[in-house]
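Overview (structure and organization)
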Amino acid sequence: MTTPIKRQQSDERLSKIVEYGNLVFIAGTVADNRGPSDSCKAQTEEVLKKIDGLLAAAGTNKSRLLSANVWISDIREKDQMDAAWKAWVDPNNKPARACQETGLATRDTRVEIMVVAAKP
Amino acid sequence: MTTPIKRQQSDERLSKIVEYGNLVFIAGTVADNRGPSDSCKAQTEEVLKKIDGLLAAAGTNKSRLLSANVWISDIREKDQMDAAWKAWVDPNNKPARACQETGLATRDTRVEIMVVAAKP
Amino acid sequence: MTTPIKRQQSDERLSKIVEYGNLVFIAGTVADNRGPSDSCKAQTEEVLKKIDGLLAAAGTNKSRLLSANVWISDIREKDQMDAAWKAWVDPNNKPARACQETGLATRDTRVEIMVVAAKP
């Protein structure tokens, strides 16, 4: 029998949440608040809060993260991203992670994060 | 019993198709036509056509996409990539997706796409 | 019953190894030796040796790789990365792979590799 794929919060390009069996794929997530005063740390905090909501909508949470990809627009701001990340990540359940400096969708986007998680 | 891994279209570096159980991993795919007149939109159209073929060779199709990573060489051309993407993606079955601006393997490569899908 | 997630070699940010069922997620891996004389080829060799160790700690090996993401700091050094990669990869069991040029965590890091594998 074909395992169904459940998609939530789809727009014209992508689904923010894709569930396949117990695997959950969350789309690359960026902050809505991206003004000059929204630092990389602040944007990361907003992104991680959004990811909490997306994981919850899939019936899981950050303690079930498997892997994370982080992209930041300026590697000199990696410490800011890491500060927000370390304050957020479940201390007993950290995912595999990688981080690179890349261009992002808009010039005021300082961080984008994409995660894969498992359902309980 | 060990679940076998099926690999297709391998060259000296990679396999274009890797099947593990019902999961299908497709390698980063670029266009063959990369001349000065091959726009980001045209290259994306060629890449997506190639991905259709690779998914078919794995016994699946774009309606079973789980996630996609898109890399483009010039973020100002993201609208071109998105136009080709939106014309292609199954309107009822959109994957999680992320997109960044990075350097690509050759200077005339404007887009690279890597996807994970499920078999029916 | 919830499938347990096994995490190994966790630091304050991430786990280098995450096992979920028979899937193994390895964190983005960089070389420790990153001096001026440590070429992209040498750094890639060190990274791949580290990945061998991480896969072994998860009870698997490079013949069970599903996918790989490679990031290098200078695309002109891709041939060096590929030379080390081709000497290492199991000739009968090559993963899906993608490679981009991005900024990396430190300015002396020339290559980062993140892989997904299956356990036997």
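Below you will find a few notes about this structure.

Reading the values: rules and limits
- Residues numbered from 1 in each chain as written.
- Chains lettered and ligands numbered in written order.
- Predicted model: local features only at pLDDT ≥ 70, side-chain atom pairs only at ≥ 80, totals over all residues.
- Heavy atoms only, no water.
- Contact = heavy atoms within 4.5 Å.
- Salt bridge = Lys/Arg side-chain N within 4 Å of Asp/Glu carboxyl O.
- Polar contact = N/O pair within 3.5 Å; in protein donor to acceptor, adjacent residues only side chain to side chain.
- Helix = DSSP H or I, 4+ residues; strand = E, 2+ residues; numbered from the N terminus.
- Nonpolar A, V, L, I, M, F, W, Y, C, P; charged D, E, K, R; others polar.
- Core = buried A, V, L, I, M, F, W, Y, C linked by side-chain atoms within 4.5 Å.
- Buried < 20%, exposed > 50% of the residue type's maximum accessible area, 1.4 Å probe, protein only.
- Buried area = accessible area lost by both parts, 1.4 Å probe.
- Pairing = 2+ DSSP bridges.
- Least-squares fit on C-alpha atoms with pLDDT ≥ 70 in both.
- 1 Å grid on protein atoms, 1.4 Å probe; cavity = no way out; pocket = protein on both sides within 12 Å on 5 of 7 lines; lining within 4 Å.
- Points joined across faces, edges and corners; volume = space filled by probe spheres on them.
- Disulfide = S-S within 2.5 Å.
- Axes fitted to C-alpha atoms, helices over the stretch in contact; angles between N-to-C directions.

This brings us to the interface of chain B and chain A. Across the boundary between the two partners, chain B contributes 29 residues, which contact 24 residues of chain A. With a shortest N-O distance of 3.3 Å, Glu12(A) and Lys86(B) are connected by a salt bridge. The tally of links from chain B across to chain A stands at 14 residue pairs in polar contact (both at pLDDT 80 or more). Looking at the side of chain B that touches chain A, the elements with two or more residues in it are β4 (65-72), α2 (78-88) and β5 (96-101) of chain B. With six residues, β5(B) is the single largest residue contributor to the side of chain B that touches chain A. By residue class, the composition of the side of chain B that touches chain A is 13 nonpolar, eight polar and eight charged.

By size, the foremost hydrophobic cluster in this structure holds 45 residues, and its most contacted members are Leu66(A), Leu66(B) and Leu66(C). Not counting residues within four places of it along the chain, the set of residues in contact with Leu66(C) comprises Ile5(B), Val18(B), Tyr20(B), Phe25(B), Leu23(C), Pro95(C), Ala96(C), Val116(C), Ala117(C) and Ala118(C).

The subject of this paragraph is the interface of chain C and chain A. Interfaces are frequently sized by the accessible area removed from exposure as the parts join. Across the contact, 25 residues belong to chain C and 29 residues belong to chain A. Where chain C abuts chain A, roughly 2200 Å² becomes buried across the two surfaces, and 55% of that area is made up of carbon and sulfur atoms. For chain C, the biggest contributors to the area lost against chain A are Arg7(C), Arg13(C) and Tyr20(C); these three give 29% of the whole. Taken together, the connections running from chain C to chain A amount to three salt bridges. Our count for the contact surface shared by chain C and chain A stands at 14 residue pairs in polar contact (both at pLDDT 80 or more). Among the residues forming the side of chain C that touches chain A, the class breakdown is 13 nonpolar, six polar and six charged.

Moving on to the side chain of Thr60(A). All names here are of chain A. Position of Thr-60 among the secondary structure elements: in the loop between α1 (40-57) and β4 (65-72). Within the structure, the side chain of Thr-60 is placed 2.7 Å from the backbone oxygen of Ala-118, a separation counted as a polar contact. Setting aside chain neighbours within four positions, we find Thr-60 in contact with Val-24, Leu-55, Ala-117, Ala-118, Lys-119 and Pro-120.

Here Pro120(C) shows up in the segment after β6 (111-118). Along the backbone, Pro120(C) and Asn61(C) are 59 residues apart, and their C-alpha atoms lie at a distance of 8.7 Å. Once residues lying within four places of it in the same chain are set aside, the contact partners of Pro120(C) are Thr2(B), Asn22(C), Gly59(C), Thr60(C) and Arg64(C).

Residues and elements named next belong to chain B. Where strand β1 (residues 5-10) lies against strand β2 (residues 15-20), five bridges are found, and the strand directions are antiparallel. Bridge pairing in β2 links Arg-7 to Val-18. Connecting β1 to the next strand, β2, in antiparallel fashion are four residues.

It takes a turn of 120 degrees to lay chain B on chain A, together with a shift of 0.0 Å along the axis; the resulting RMSD is 0.0 Å. On this basis, the relationship between the two copies can be described by a three-fold rotation axis. The position closest to the rotation axis in chain B is occupied by the C-alpha of Thr102(B), lying 3.3 Å away.

Attention now moves to empty space enclosed by the protein. Following the criterion strictly, the structure yields one cavity of 30 Å³ or more and no others. Estimated volume of the largest cavity: approximately 500 Å³. Taken together, 26 residues make up the lining of the largest cavity; nearest its centre are Val116(A), Asn69(B), Val116(B), Asn69(C) and Val116(C).

Residue and element names in this part refer to chain A. Scanning the entire structure with this criterion turns up zero disulfides over all chains. You can see Cys-99 has no disulfide; the closest cysteine sulfur is in Cys-40, sitting 8.5 Å from it. Note on Cys-99: relative accessible area 5%, which makes it buried.

Turning next to the relation of the copies chain C and chain A. Both copies of the chain are placed relative to one another by a rotation about an axis and a shift along it. Its rotation angle being 120 degrees, the transformation that places chain C on chain A also includes 0.0 Å of axial translation and leaves an RMSD of 0.0 Å. In this assembly, only 8% of the residues forming the interface of chain C have copies in chain A that are likewise at the interface, indicating a heterologous arrangement.

Turning to the sheet that holds strand β6 (residues 111-118) of chain B, a few remarks are in order. All names here are of chain B. The strand order across the open sheet built from six strands is β1-β2-β3-β6-β4-β5, with neighbouring strands paired in mixed fashion. Strand pairing shows two members of the sheet lacking a second neighbour, β1 and β5, which therefore form its edges. On average, each strand axis in the sheet is tilted by 10 degrees relative to the strand beside it, whichever way the strands run. Pairing geometry for β4 and β5, over six bridges, is parallel. Directly across from Asn-69, in β5, lies its bridge partner Ala-98. Strands β1, β2, β3 (23-26), β4 and β6 of the sheet are contacted by helix α1 (residues 40-57), whose axis makes an angle of about 25 degrees with β6. Packing of α2 onto the sheet brings it into contact with β4, β5 and β6, and relative to β5 it is tilted by some 160 degrees.

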